[in-house]
Amino acid sequence: MTRHAEIAGAGFAGLTVAIALRQRGWTARVHESSPELRAFGAGIFIWENGLRVLRTLGAYEDVIHGAHEAPGYEGRNADNERISFEVFGPQRGTRMLTMTRQHLYKAMLAAADRAGVEIVTRSEVVSADPQGSLTTSDGRVWPADVVIGADGVTSKVRKSLGLIPVVTPCDFGVIRLLVPREKNDLPFTESDNVINFWSPNFRILYVPCNENELYLAMGARDSDKSATAIPVRADIWAAAFPFLKHIIQRIGQQGRYDTYETSLLDHWTIGRIALIGDSAHAMPPTLGQGAGCAMMNGLSIAHHICNADDVTKALSDWEHSERELTDHTQDIAKRYAATHAGRNGVSKWDDAALRAAHHLPSGTVEAA
Ligand code: FAD
């Protein structure tokens, strides 16, 4: 008999598990509270682990066409001196691709459509039952063999189960936005590079996404209400990075400011329910792996449960075998966030930081 999953949240985690289960013969329905399917947050980094998942989901070709692979990753200080330089690619065991979130999301939605995933918008999940059901705000109960809580960092599924994460907030936040990209935007270096510009108090991560769009992630202390204001205070940011003034002036009224946190749960599974993505393991963006881990866990859960006679045990086995890598990645991301906030730091892409990027996620062809 065909088995069925009900999934809360059509983010990167929810879409991944839905597609992967459909590919394995299950039916899958995703409830999305928003009225429309959209990805927020401007740009995103996807590493080799995420690309492997996307290939398995059938979204890889759509993703790489229209994404950007930077020749290098630079760190620069407030005097615009280069303080670090790294190259990713086959020689490092991982590519580092950058793209707009909407580009990635669109490719995943197309894969979901091809796989026959059902997505219901304006459907807000309010609770879940470990016996195997979701309840939506209209009072409907949706029974399932497996229920997935992929409803993000403020997860209602998690709350309804009484699961309380240990949350470590960060004192830094980020304004994220896209601006038009122009050729030779950075006459002092290679404009195709990803560049982390640091001043004593601020950071601008300059991220080409494609030929025409540039993602800026502008970090400042959460307590600095001027620097974190929307609309962006171009005067403050251009004073910190005068050599980026021409780009900062393109921002206009747009932008979105978010803080971030690490949240740790004792258990990701209860009965027939599993939590994945930010509902289970939110992390600071210092390694660019939050969505990467969400996608790995979305695929691996489908791989673990698809043929299991005892789904409850399979979920628990999944957590046991897969969780350590996410815990490790969260831990490093948290430590980087704590030590880099507001300092003249350089990300250190050592083996520990790149462990998730190098991973062959369970359920991919490569891992078979
Ligand atoms: P979400 O993306 O939050 O999706 C949850 C979905 O559930 C949403 O569509 C929401 O509308 C819906 N929803 C919420 N509540 C309900 C409900 N009650 N009922 C139904 N639907 C509901 N990760 C990377 O891999 N690379 C990066 O470069 C990167 N950069 C980042 C930069 C910043 C500043 C931040 C804050 C995060 C970054 N991340 C990055 C992390 C990444 O964005 C998240 O880990 C990822 O989006 C989590 O996906 P998700 O599907 O779990 O949650």
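Residues numbered from 1 in each chain as written. Predicted model: local features only at pLDDT ≥ 70, side-chain atom pairs only at ≥ 80, totals over all residues. Heavy atoms only, no water.

Caption draft 1: View of empty space enclosed by the protein. Counted under the stated rule, the structure contains two cavities of 30 Å³ or more. Considering the residues around the second largest cavity, the lining is formed by Met296, Asn297, Ser300, Glu322, Leu325, Thr326, His359, Pro361 and Ser362. Taken together, the elements giving at least two residues each to the lining of the second largest cavity come down to helix 9 (290-305) and helix 10 (311-340). Residues belonging to the lining of the second largest cavity are distributed by class as follows: three nonpolar, five polar and one charged. (1 Å grid on protein atoms, 1.4 Å probe; cavity = no way out; pocket = protein on both sides within 12 Å on 5 of 7 lines; lining within 4 Å. Points joined across faces, edges and corners; volume = space filled by probe spheres on them. Helix = DSSP H or I, 4+ residues; strand = E, 2+ residues; numbered from the N terminus. Nonpolar A, V, L, I, M, F, W, Y, C, P; charged D, E, K, R; others polar.)

Caption draft 2: Quick peek at the sheet that holds strand 13 (residues 166-180). The strand order across the open sheet built from seven strands is 6-5-14-15-16-13-17, with neighbouring strands paired in mixed fashion. The sheet is open, and its two borders are formed by strand 6 (82-86) and strand 17 (256-264), each paired with just one other strand. The sheet shows a mean angle of 20° between the axes of neighbouring strands, direction not considered. Here strand 5 (residues 73-76) pairs with strand 14 (residues 194-198) via four bridges, running parallel. Looking across to strand 14, one finds that Arg76 is bridged to Phe197. (Pairing = 2+ DSSP bridges. Axes fitted to C-alpha atoms, helices over the stretch in contact; angles between N-to-C directions.)

Caption draft 3: Up close: unusual backbone geometry. Note the cis peptide between Ile230 and Pro231, where omega equals 0°. For Pro231, the position within the fold is in the loop between strand 16 (213-221) and helix 6 (234-240). Positive phi outside glycine occurs at Arg122, with the angle close to 50°.

Caption draft 4: Looking closely at the environment of Leu265. Here Leu265 shows up in the loop between strand 17 and strand 18 (269-270). Overall, the relative accessible area of 4% leaves Leu265 in the buried class. Leu265 sits 87 residues away from Leu178 along the chain, and the two C-alpha atoms are 33 Å apart. (Buried < 20%, exposed > 50% of the residue type's maximum accessible area, 1.4 Å probe, protein only.)

Caption draft 5: Fine view of the side chain of Asp258. If you trace the backbone, Asp258 turns up in strand 17. For Asp258, a relative accessible area of 19% puts it in the buried group. Only 2.7 Å separates the side chain of Asp258 from the side chain of Arg176, close enough to count as a polar contact. At 2.8 Å, the side chain of Asp258 forms a polar contact with the side chain of Arg256. (Polar contact = N/O pair within 3.5 Å; in protein donor to acceptor, adjacent residues only side chain to side chain.)

Caption draft 6: Geometry of the nonpolar core. Counting residues in hydrophobic clusters, the biggest one holds 98 residues, and the most contacted among them are Ile7, Phe45, Leu54, Leu104, Ile148 and Val157. Sequence-distant contacts of Ile148, that is, excluding residues within four places in its chain, are made with Glu6, Ile7, Ala8, Val17, Ala274, Ile276 and Ile301. Judged by nonpolar contacts, the second largest core, of 25 residues, contains Leu186, Ala240, Ile248 and Ile251. (Core = buried A, V, L, I, M, F, W, Y, C linked by side-chain atoms within 4.5 Å. Contact = heavy atoms within 4.5 Å.)

Caption draft 7: Structural context of the pattern of salt bridges. With the rule as written, the count across this model stands at 23 salt bridges. Taken together, the shared-partner salt bridges in this structure form one network comprising Glu6, Arg29 and Glu118. (Salt bridge = Lys/Arg side-chain N within 4 Å of Asp/Glu carboxyl O.)

Caption draft 8: Structural detail: the domain arrangement of the protein chain. Entries for the protein chain in the domain assignment read domain 1 (4-63 + 100-167 + 261-358) and domain 2 (170-260). Computed from C-alpha atoms alone, the centre-to-centre distance between domain 1 and domain 2 is 28 Å. Each partner contributes to the interface: domain 1 provides 19 residues, whereas domain 2 provides 21 residues. Together domain 1 and domain 2 conceal approximately 1,500 Å² of surface at their shared face, both sides included; 65% is due to carbon and sulfur atoms. Across the contact surface, domain 1 and domain 2 share zero salt bridges. If you look at where domain 1 meets domain 2, you find zero residue pairs in polar contact (both at pLDDT 80 or more). Of all the elements, strand 3 (residues 43-47) adds the most residues to the side of domain 1 that touches domain 2, at three residues. Partitioned by chemical class, the residues of the side of domain 1 that touches domain 2 number eight nonpolar, eight polar and three charged. (Domains from an automatic or database assignment. Buried area = accessible area lost by both parts, 1.4 Å probe.)

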